[in-house]
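# Summary of the model geometry
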Amino acid sequence: MSSSTSLWGDPTPVAQPVEGALSVHIEGASLAFGERTLFDNLEAEFSGGLFTCILGSSGVGKSSLLRLIAGLPPRRGTVTGRVTGADGQSLAEIGRAHV
């Protein structure tokens, strides 16, 4: 483990990705419900073998983001984006799914 510095100046351990574990990259992800856009052109990287916590209040798109990563259509709204592994191979690609 390497370390980083917390807001208080204390050393904070930073976990390293696990070699061989699948990393997930999201590019150009957008989610809208009618005129309400929850996120637009989202870029995110989730390193393999590490825990990631997605936090937010109700209705901000957490479950919809997880559905995009899993390759599932949205329950409602319009979602676009591309999800790839570290090797660039597509895990899920959804183009303009309307529900």
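Preceding block: the structure.
Residues numbered from 1 in each chain as written. Predicted model: local features only at pLDDT ≥ 70, side-chain atom pairs only at ≥ 80, totals over all residues. Heavy atoms only, no water.

### Notes on unusual backbone geometry
As a rule of thumb, non-glycine residues mostly have phi less than zero, and peptide bonds are mostly trans rather than cis. Even without glycine at this site, Asn41 takes up a positive phi of about 55°. The topology assignment puts Asn41 in strand 4 (residues 36-46). Assessed through its relative accessible area of 51%, Asn41 is described here as exposed. (Helix = DSSP H or I, 4+ residues; strand = E, 2+ residues; numbered from the N terminus. Buried < 20%, exposed > 50% of the residue type's maximum accessible area, 1.4 Å probe, protein only.)

### Section: the side chain of Ser64
Looking at the secondary structure, you find Ser64 in helix 1 (residues 62-70). Given a relative accessible area of 18%, Ser64 falls into the buried group. When residues no more than four places from it in sequence are discounted, the contact partners of Ser64 are Leu31 and Phe33. (Contact = heavy atoms within 4.5 Å.)

### Re helix 1
For helix 1, the full list of buried residues reads Ser64, Leu65, Arg67 and Leu68. For helix 1, the angular spread of buried residues about the axis comes to 160°, placing them on one side. With respect to the buried face of helix 1, the exposed residues turned more than 90 degrees away are Ser63 and Ala70. Positioned one or two residues after helix 1, Gly71 has a phi angle of 80°, which is positive. (Arc of directions from axis to C-beta.)

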